[in-house]
Amino acid sequence: MPQLTVCPSCAERLEPEDRFCGNCGTNLAAPLSPAPSFAPAAARDRTEDGDYGLAPPVAEADGDYGLAPPTRATIPGQGSAQAAPFAAPAPAPAGIADPRETLLTTEPDTEPDTEPDTEPEPAEPAKPAAACVACGIGSVDGDGYCEHCGHAQPRRRDHIEQELALVSAVTDRGLRHHRNEDAFALAEATLPDGTSAAIAVVCDGVSSSSRPDDASETASVAASDTLRAALSSGTEARQAMQEALLAASESVNSLVEGDTSDPETNAPACTFVSAVTTGELLTVGWVGDSRAYWIPDDRAADNPARLTEDDSWAARMVEAGLLSEEEAYADERAHAITGWLGADAVELDPHTASFEPDLPGIVVVCTDGLWNYAESAAELAAVVPPDARTRPLHCARTLVGVALDGGGHDNITVAVIPFPASS
Amino acid sequence: MAVLSKSENPNIPQFTAEVYQNEYLPEGGREVNAIVTVTSTGGGTGGPPAKQGEGSEASGARAYAPGHGPSAAVVIMVDCSGSMEYPPTKMRNARDATAAAIDTIRDGVSFAVVAGTHKAVEVYPGGGRLAVADAATRGQAKEALRKLTAGGGTAIGTWLRLADRLLASSEVSIRHAILLTDGRNEHEKPEELRAALDACAGRYTCDCRGVGTDWEVKEVTGIASALLGTADIVADPSGLEGDFRQMMEAAMGKEVADVSLRLWTPQGAEIKFVKQVAPSVEDLTTRRVDAGPRAGDYPTGSWGDESRDYHVCVEVQPAGVGQEMLAGRVSLVLPSADGGAPEVLSQGLVRAVWTDDMAASTRINPQVAHYTGQAELAQAIQQGLEARKAGDLDSATAKLGRAVQLAAESGNADTAKLLAKVVDVVDEATGTVRLKKNVDDADEMTLETRSTKTVRVKK
Ligand SMILES: [Zn+2]
Ligand SMILES: [Zn+2]
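Residues numbered from 1 in each chain as written. Chains lettered and ligands numbered in written order. Predicted model: local features only at pLDDT ≥ 70, side-chain atom pairs only at ≥ 80, totals over all residues. Heavy atoms only, no water.

Named according to an unreviewed UniProt entry, chain B is VWA domain-containing protein originating from Streptomyces humicola.

Labelled according to an unreviewed UniProt entry, chain A appears under the name Protein phosphatase 2C domain-containing protein, originating from Streptomyces humicola.

The following block contains the structure:
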């Protein structure tokens, strides 16, 4: 199977498993010449609307966020419906039905379902062959749209996976939104005592604000950077979390400067949830309705628990004793959030909490795109695979799959931290 | 949103295109509306861009040093038909106005003066040529105006064709004409005028002025529209001089000609309309010229430092909820001198995003709403005046009442004032009006001529 080493459109260096150019988004698996009879790719089999299979994720053509993508983010392959002359479809691991499970991660290369490393064969850079994933006919213009049917092409943030030694995460656009406004950032820190800390930050852009996708990405990166620096220099975990929340808040506020969009729309805004594991301690911080859950390995010995309390209308009603939980969540205002990061926030009221679990388990850090389909800790625990602590990326993918199977109505982000940090 | 492209030609102004739209469509939704604001600034070697008032004529005169500025040619056509003698001041005012316009011509610009009757006659310099403006030629031209006398009929098509021949004789980048008439185009068939317009369209731009009240509004606005210029009434001949000077100043401020608005739409899309909506309403839909796969060009004429708004309405094939499509790519293009690929001056993207969020898909973009209202205002005035002429007073009252309401709502104060000379406004909020018994011809014609003038959205 021939492999491209550079993008035929922009000459960006490629990895053997790349299906799309990380720089310009060129579909590297597309047919070389326009094929009018080409069937629309049904890349995303869950798409309810059969007209155009949702596109597989790909790098965004514009790199104007000024933020580095997550270091080890990987780009998933596309569905089997589309011929791939350059890149062989990754072999689907046995027993996994979700085509997403065929997606690859780059490292560590210990997962049984990763493609073996092969030296890419040198290939002549071909003519730009970026055929549209929707119609298969048109080529893709510089703005990421098909010049024939106009369909937006997959973007970098549509689906991102990352796996570190101590923490993994997956984010997905879902099935009903045109872009992914969720973001995550993962990091690890070495504490002064030589032990390791895992850091996960998950943010959900507020869709009624302007540039919610920029807000979530900016906030998650700022918080993750702050946590890593603070923990490395010996700052106590809850204090570090406070600092991270403030840094995230400032980074979102600063997006307002130079924002030329409609003054009628709200300032960029997002929710925030983060978890860090340091030694025996598990620390969470949050603003808004993104959540963290504790799921013990042994569910007979310990109960799963939600670690965060939503800043939402429903939570407030329940807290004030005005409505039962059932009544509150049945109300259409239930999900209206009462706290967020952004210049329009009345006052920042960041919450932090620390726990000392005495049994092994995992922390699930997620946006409402997941918990809408598994609200209580028990419901979530029921869909967490038993081997989640040893295969956290697999667990994150599985949970994203649960949300997609439920309808994927929102963007979905799930980070999984095994506890205790075993390194 | 704005996509700025630096032109390779330093004398061409910088164009920007900004798109205003609500891109969200409900499931199955097809119609995408967008307002595209195109602004050109900073061409040539002149001073800062001229300030523009709200809804003002897109002029943008700028001060060029003598002998500088883009190469340009201009022909002034003056109606010399017999009717120009009544009142006698009319011919004198036309002569003075033409002299004022000549004084405003920049050094180095080629020019000529044509006297129009049932035929077209070169007044200056003659011999099928253009003169190059300087102190001497301007003086000679003004001297030649003394020869202008009234007598004969009106065949505007012949004037336009002569102007075309004269303008074509010069190798310049900007070709412009000014036409003054006081009467109906009685001495040629409407088809002859139509054919002349077809022959001249795209070759030069032409501003038209009707003086007095004996001319046909549709005729004059039709000529200006076909030749991408402005039309207006100068009911009192004494106002001609100032108007001519202003018109020539605007012409001298033009920096680039033959700019087209190019619209790309996806496969299966249908273009409902493409309209200029500011500074005035001009439907360009039928003027499309194919420009490659799924793209077409609409002429916009010449540009100085100015800003115009366009309303684009496209119907696309619906996609599923969560999908995004490029519904249109709007670019400003300039044909290349050597016949190669045109230069893209700027572009903006019109998007379609399908959502099940009703709040998002039912939101109406304020710019789109505003210009939809301004287009309806122009139509209500035209239909109301039409009904009034036809004696259908109920319909006239209803249409002009609606116009009063729309003008008030949108803050189009100039049009509201003109309407108040034709109807008695009882309640502008509800559009309740009574037709005035006696209406000045000049007031009615002014309202009709300026019915397409719009104001911009109040920010
Ligand atoms: Zn590339
Ligand atoms: Zn396509």
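There is more to say after this.
**A short note on the overall build of chain B**
Counting its secondary structure elements, chain B contains eleven helices and 20 strands. The C-alpha atoms of chain B give 23 Å as radius of gyration, which agrees with the globular expectation for 459 residues (23 Å, within 12%). Dimensions of chain B, computed from the C-alpha atoms along their principal axes, are close to 75 × 60 × 40 Å. A total of 459 residues make up chain B; the buried ones form 55% of that total. The contacts in chain B between residues at least 6 apart in sequence include a share of 74% that link residues at least 24 apart. When the accessible surface of chain B is split by element, carbon and sulfur atoms take 50% of a total near 18800 Å². (Helix = DSSP H or I, 4+ residues; strand = E, 2+ residues; numbered from the N terminus. Rg over C-alpha atoms; globule rule 2.2 N^0.38 Å. Buried < 20%, exposed > 50% of the residue type's maximum accessible area, 1.4 Å probe, protein only. Contact = heavy atoms within 4.5 Å. Areas by Shrake-Rupley, 256 points an atom, 1.4 Å probe, with all protein chains shown as cover.)

**What to know about the environment of B:Ile102**
All names here are of chain B. Within the secondary structure, Ile102 sits in helix H1 (residues 89-104). Note: C-alpha distance between Ile102 and Val113 (eleven residues apart in sequence) is 9.2 Å. Leave out the neighbours within four places in its chain, and Ile102 touches Ile76, Phe111, Val113, Arg138, Ala141, Lys142 and Leu145.

**Notes on the sheet that holds strand S14 (residues 289-290) of chain B**
All names here are of chain B. A sheet is described by the order of its strands in space; here six strands give the open sequence S2-S18-S17-S11-S15-S14, paired in mixed fashion. The sheet is open, and its two edges are formed by strand S2 (24-25) and S14, each paired on a single side. Examined bridge by bridge, strand S11 (residues 256-264) and strand S17 (residues 324-334) share five bridges and lie antiparallel to one another. When the bridges of S17 are listed, Leu261 appears paired with Leu332. (Pairing = 2+ DSSP bridges.)

**A short note on the coordination of the zinc ion (ligand 2)**
Residue and element names in this part refer to chain A. At 2.3 to 2.4 Å from the zinc ion (ligand 2) lie its protein donor atoms, namely Cys132 (SG), Cys135 (SG), Cys146 (SG) and Cys149 (SG). Around the zinc ion (ligand 2) sit four donor atoms, and with donor-metal-donor angles ranging over 105 to 115° the site reads as tetrahedral. Counting the intervening residues between successive donors of the zinc ion (ligand 2) yields the motif C-x2-C-x10-C-x2-C. Of this pair, Cys135 sits in the segment before strand S1 (159-163) while Cys146 sits in the segment before S1, and the two are eleven residues apart along the sequence. Assigned by exposure class, Cys135 and Cys146 land together as buried. (Donors = N, O, S within 2.8 Å, 3.2 Å for Na, K, Ca; no water. Tetrahedral: all angles 85-135°; square planar, octahedral: opposite > 155°, others 65-115°.)

**A short note on the pattern of salt bridges**
All names here are of chain A. Taken as a whole and judged by the stated rule, the model has 46 salt bridges over all chains. Of the charged contacts in the structure, one is a salt bridge between Arg389 and Asp297, with a shortest N-O distance of 2.6 Å. Here Asp297 lies in the loop between strand S8 (291-296) and strand S9 (305-306) and Arg389 lies in the loop between helix H6 (377-383) and helix H7 (392-405), a separation of 92 residues in the sequence. Arg389 sits in the partly exposed class, given a relative accessible area of 27%. A single salt-bridge network, built from bridges that share partners, covers Arg291, Arg306, Glu309, Asp310 and Glu375. (Salt bridge = Lys/Arg side-chain N within 4 Å of Asp/Glu carboxyl O.)

**A short note on the environment of B:Glu409**
Tracing the sequence through the fold places B:Glu409 in helix H9 (residues 393-410). Taking the C-alpha atoms as reference points, B:Glu409 and B:His370, 39 residues apart in sequence, are found 9.4 Å from one another.

**Quick word on the packing of aromatic side chains**
Residue and element names in this part refer to chain B. Following the criterion strictly, the structure yields three aromatic pairs over all chains and no others. When the ring centre of Phe273 is taken as origin, the NZ or CZ atom of Lys275, which lies over that ring, is 4.3 Å away. It is Arg308 that lies over the ring of Trp303; its NZ or CZ is 3.8 Å from the centre. (Phe/Tyr/Trp six-rings, centres within 6.5 Å; stacked < 30°, edge-to-face > 60°. Lys NZ or Arg CZ within 6 Å of the ring centre and 35° of its normal.)

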